[in-house]
Amino acid sequence: MQEDQALLVPPTPKPPPQPQEFIGTRHVLAFMGFLGFANVYAMRVNLSVAIVAMVNNTAIPHVNSSSSNVCPASSAGNTTHSTEDGEFPWDEKKQGLILGSFFYGYVVSNLFGGRLGEVVGGKVVYGIGVLVTSVLTLFTPVVVRYSTTLFIILRVIEGLGEGVTFPAMHSMMARWIPPLERSKTSGIVYAGAQFGTVVSLPISGLLCQSSFLGGWPSVFYVFGVLGILWFVAWMLLVHNTPESHPRISQEEKDYIHTTLNYQPGQPKALPIPWRHILTSMPFWAIFVVHIGQNWGFYTLLTELPTYMKNILHFDIAANSFMSALPYLMMWVLSIAFGQLADLLRSRGSLSTTNTRRLFNSIGHYGPMVCLVLVGFAGCNHVAAIVFLCGAVGLNGGTYSGYMNSHLDIAPNFAGTLMGITNSFATIPGFLAPIATGALINDNETLSRWRLVFWISSIVYLVSNTFYIIFVSGEEQHWNRPQNKYLGEVQSQYGTLDFSSAETDGRNSEGGLVSQEQGGGPSQPTTIHEVF
C-alpha cells in the first residue's frame, strides 16, 4: 500500500531556475505599470495643487486671521512670494466637494474593472482606464470655466476611468508574477502612484506660478498629453498573458508557468464563489484594512497642499515641493520594503502571513503615531514636515502588506477581490475631503487640523488591528472551485489529482508539497495556484 502511495505522490520538485536575461517581459510589464500609475496619480493629485491657484481667496470669508491658534504668516521656513488670486470663489466646503467628486465615479467602476481584467484581460482594461482620464484631463480648463457643475461631473467620469486600474493590474499580476516576486513587484508597480505624486506636485506648483499656457491650465494640458503618450507605449509593449506575448523567451515563459503552475486549456476566468468570499474572514480582514488605509491616505493626498498653504503658510511653489517630499519617502520605502519582504519569505525567516502582518503594521501603526505628533508640532515647520514625511513614508509598508493579500488568498480572483475592497475603500476618498472641509470650513486653525489628523490615526489603529488578527497569507480552498480543469492534471512531475484538494498540503510560495512537508499520508501532492 505504501509503495502504491509512493508511486502516486511524485517527489517535491526544486524551484525552477530564474531566466538568465537581465530584463524579461514581466519586468517590462512592471515598469510600464509603474509609469501607468505615475500618470494616474499625477492626473489625480494635480488638482490638489492647481485648486490653490484657481481659488479666489479674497472672495471667501475667513474667521481665523487673528486667532492665536494659527501660525503667523512670517513663520520661519516660509518663503513669501506675491501670488495672484484665482478665478473661482469656492469656499472650503465647495473645494472638498470638488476634490472628492472624483471618487464618486471611482467607487463604481472598481468591481467591473476586476472582473473585466479576469475575463477580457487586464491590458485593454488598464490602458483604456488611463486613456479616458488623460483625455478628460485635457478638457478640464475649458469645462471648469464654463460650469462648476460640469467640472464636478467631469471629475466623476475621470474617476470612472481610473477605477478600473488597480483591479485590472491585480488580474495581470496574478498571471505574470511568480509568488516569490510578488512583494517587490507590487512595491515597484504601485510605487508609481507615489512617483507620480512626487513629480506632479512640484511641477504643478511651478506651472501654476508660470505664464506657460495660462498658468494653472497648463497643469492639465501637460499631464493629459503625457497620459496619452503612455497609452500608445502600453498597447505596443504589454500583453495580457505570457503565452500571448510574441517576444517572451521560452525560458521566461516556462519559469512563469512553472511557478504559477499554469495548465493549458483552462478557462480565463472561473465562476466567482460569492458565498465563500463573503464568509471568509481573511477577505474581511483585507476589506476593513483597505478602508482604513484609504481614509488616512486620501486625507493627506487631497488636503496636504491646503494645510501647507493655509496653516504653515508656504507659497504655492514651496508648498508643492514640501507636499511632494512625504511621497518621495513613500516611493523609496515601498520599494525597499518590497525587496525586504520577499527576502524574508524566500529565506524562510517569516511565513507569508506574518510578512503581511509585519509590513502592514509598519504601514499603519507608524503613520498613526506620526499623525498624532503632527498635531502637536504646531507651527514648528521642521517638526511638522518630518512627522508628515514619516506618516506618508512608512505607509509604503502596505504595498508589502494588504496589497498582496488578494493575490495570496485567491490569485484566480485577485482582480475581483481588489475590485470589491477598493470599491468600498474608495468611499473615504470623497468622505474624507468632505469631512475635512466641514471641520475647517471658515475656521482653519491648528486645533481643527489636529482633529483631522487624530481621526485618521484612530482609523489606522482600528483597521490594522482587525487585519493582523484575521488575515491569512495562505491560498483559500475556494480559490479553485471544482470543475473539469481541476480534476486531474498531467504535469512534468506526474499525474496530480485535485478532486479532493483542500488548503492543507499547499504552501504559500506556490510550490508543491510532499508528504514530509505536511501534505498528509492520504493526500495527493497539490499545486498552489491554477490560472
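One can find the structure itself at the top, above this paragraph.
The structure contained in this document is the topic of the report that follows. Worth saying up front: this structure is predicted, and the values here are computed from it rather than measured.

**What to know about the overall build of the protein chain**
Working step 1: Within the protein chain, the regular secondary structure consists of 18 helices and 2 strands.
Working step 2: For the protein chain, buried positions account for 58% of its 531 residues.
Working step 3: Counting only contacts in the protein chain whose residues sit at least 6 apart along the sequence, the fraction spanning at least 24 positions is 84%.
Working step 4: As presented, the protein chain carries roughly 20200 Å² of accessible surface, and 66% of it is formed by carbon and sulfur atoms.

**Focus on the packing of aromatic side chains**
Working step 1: Under the counting rule described, the total for this entry stands at 26 aromatic pairs.
Working step 2: Ring pairs connect the aromatic residues Phe37, Tyr41, Tyr126, Phe166, Tyr190, Trp230, Trp234, Phe297, Tyr298, Tyr327 and Tyr399, which therefore count as one cluster.

**Side note on empty space enclosed by the protein**
Working step 1: For the structure shown, the criterion picks out 10 cavities of 30 Å³ or more.
Working step 2: In this structure, the largest cavity encloses a volume near 130 Å³.
Working step 3: Contributing to the lining of the largest cavity are 14 residues, with Tyr41, Phe166, His290, Asn294 and Tyr402 lying nearest its centre.
Working step 4: The greatest single-element share of the lining of the largest cavity, amounting to 5 residues, is contributed by helix 11 (residues 281-310).
Working step 5: When its residues are assigned to classes, the lining of the largest cavity shows 9 nonpolar, 5 polar and no charged.

**A few points about the environment of Asn422**
Working step 1: Tracing the sequence through the fold places Asn422 in helix 16 (residues 414-425).
Working step 2: Between the C-alpha atom of Asn422 and that of Leu111, which follows or precedes it by 311 residues, the distance is 8.0 Å.
Working step 3: Setting aside residues up to four positions removed in sequence, Asn422 forms contacts with Tyr106, Asn110, Phe166, His290 and Asn294.
Working step 4: Of note is the side chain of Asn422, whose polar atom sits 3.2 Å from the side chain of Tyr106.

**Some details on helix 4 (residues 122-146)**
Working step 1: Its 25 residues give helix 4 an end-to-end C-alpha distance of 36 Å, which sits within 8% of 36 Å, the value for a rise of 1.5 Å per residue.
Working step 2: Where helix 4 bends most, at Thr140, the angle is about 50°, and the proline Pro141 comes one to four residues later.

**Concerning the state of the cysteines**
Working step 1: Within the structure shown, the criterion is met by 0 disulfides.
Working step 2: Lacking any disulfide linkage, Cys370 is separated from the closest cysteine sulfur, that of Cys389, by 9.6 Å.
Working step 3: Under the relative-accessibility criterion, Cys389 is labelled buried at 11%.

**Points about the pattern of salt bridges**
Opposite charge on two side chains permits them to pair, given that their charged atoms come into close proximity.
Working step 1: In the structure shown here, the tally under the stated rule is 6 salt bridges.
Working step 2: The partner of Arg155 in a salt bridge is Glu158, and the shortest N-O contact between them spans 3.2 Å. A residue pair is termed a helical-turn pair when its members lie 3 or 4 positions apart in one helix, as Arg155 and Glu158 do in helix 5 (residues 148-162) at 3 residues.
Working step 3: A relative accessible area of 1% means that Glu158 is categorised as buried.
Working step 4: The residue Arg356 makes a salt bridge to Asp408 at a minimum N-O spacing of 2.6 Å. Here the residue Arg356 occupies a position in helix 13 (residues 352-377), and Asp408 occupies one in helix 15 (residues 405-409), the gap between them amounting to 52 residues.
Working step 5: Look at the salt bridges and you will find they share partners, linking Arg26, Glu181 and Glu252 into a network.

**Here we look at the environment of Gln476**
Working step 1: With respect to the element layout, Gln476 can be found in the loop between helix 18 (446-470) and strand 1 (488-491).
Working step 2: In sequence terms Gln476 and Pro282 are 194 residues apart; their C-alpha atoms lie 8.8 Å from each other.
Working step 3: From its side chain, Gln476 meets the backbone oxygen of Glu474 in a polar contact 2.9 Å long.

**Considering the environment of Val289**
Working step 1: Within the secondary structure layout, Val289 lies in helix 11.
Working step 2: Its relative accessible area of 0% is what places Val289 among the buried residues.
Working step 3: Between the C-alpha atoms of Val289 and Val471, which are 182 residues apart in sequence, the distance is 9.9 Å.
Working step 4: Excluding its chain neighbours within four sequence positions, the residues that come into contact with Val289 are Asn360, His364, Tyr402, Ser463, Asn464 and Tyr467.

**Thoughts on the nonpolar core**
Working step 1: By size, the foremost hydrophobic cluster in this structure holds 114 residues, and its most contacted members are Tyr41, Met54, Trp90, Tyr190, Trp234, Tyr307 and Tyr327.
Working step 2: The element that contributes the greatest number of residues to this core is helix 2 (residues 25-54), accounting for 16 residues.
Working step 3: Filtering out sequence-adjacent residues up to four positions away, Tyr190 remains in contact with Phe37, Phe166, Met169, His170, Met173, Tyr399 and Met403.

**So, the packing of helix 4 against helix 8 (residues 217-237)**
Working step 1: Running from N to C, helix 4 and helix 8 point in directions that differ by 160°, and their axes come no closer than 8 Å. Taken as axis vectors, helix 4 and helix 8 run roughly antiparallel relative to one another. For the pair helix 4 and helix 8, the sense of crossing is left-handed.
Working step 2: Its residues placed into classes, the contact of helix 4 with helix 8 shows 17 nonpolar, 6 polar and 2 charged.

Rules and cut-offs
- Residues numbered from 1 in each chain as written.
- Predicted model: local features only at pLDDT ≥ 70, side-chain atom pairs only at ≥ 80, totals over all residues.
- Heavy atoms only, no water.
- Helix = DSSP H or I, 4+ residues; strand = E, 2+ residues; numbered from the N terminus.
- Buried < 20%, exposed > 50% of the residue type's maximum accessible area, 1.4 Å probe, protein only.
- Contact = heavy atoms within 4.5 Å.
- Areas by Shrake-Rupley, 256 points an atom, 1.4 Å probe, with all protein chains shown as cover.
- Phe/Tyr/Trp six-rings, centres within 6.5 Å; stacked < 30°, edge-to-face > 60°.
- 1 Å grid on protein atoms, 1.4 Å probe; cavity = no way out; pocket = protein on both sides within 12 Å on 5 of 7 lines; lining within 4 Å.
- Points joined across faces, edges and corners; volume = space filled by probe spheres on them.
- Nonpolar A, V, L, I, M, F, W, Y, C, P; charged D, E, K, R; others polar.
- Polar contact = N/O pair within 3.5 Å; in protein donor to acceptor, adjacent residues only side chain to side chain.
- Expected span 1.5 Å × (residues − 1).
- Bend = angle between axes of the 7 residues up to and from the residue.
- Disulfide = S-S within 2.5 Å.
- Salt bridge = Lys/Arg side-chain N within 4 Å of Asp/Glu carboxyl O.
- Core = buried A, V, L, I, M, F, W, Y, C linked by side-chain atoms within 4.5 Å.
- Axes fitted to C-alpha atoms, helices over the stretch in contact; angles between N-to-C directions.
- Parallel < 35°, antiparallel > 145°, perpendicular 65-115°, else oblique.
- Left-handed = near helix turned anticlockwise from the far one by under 90°.

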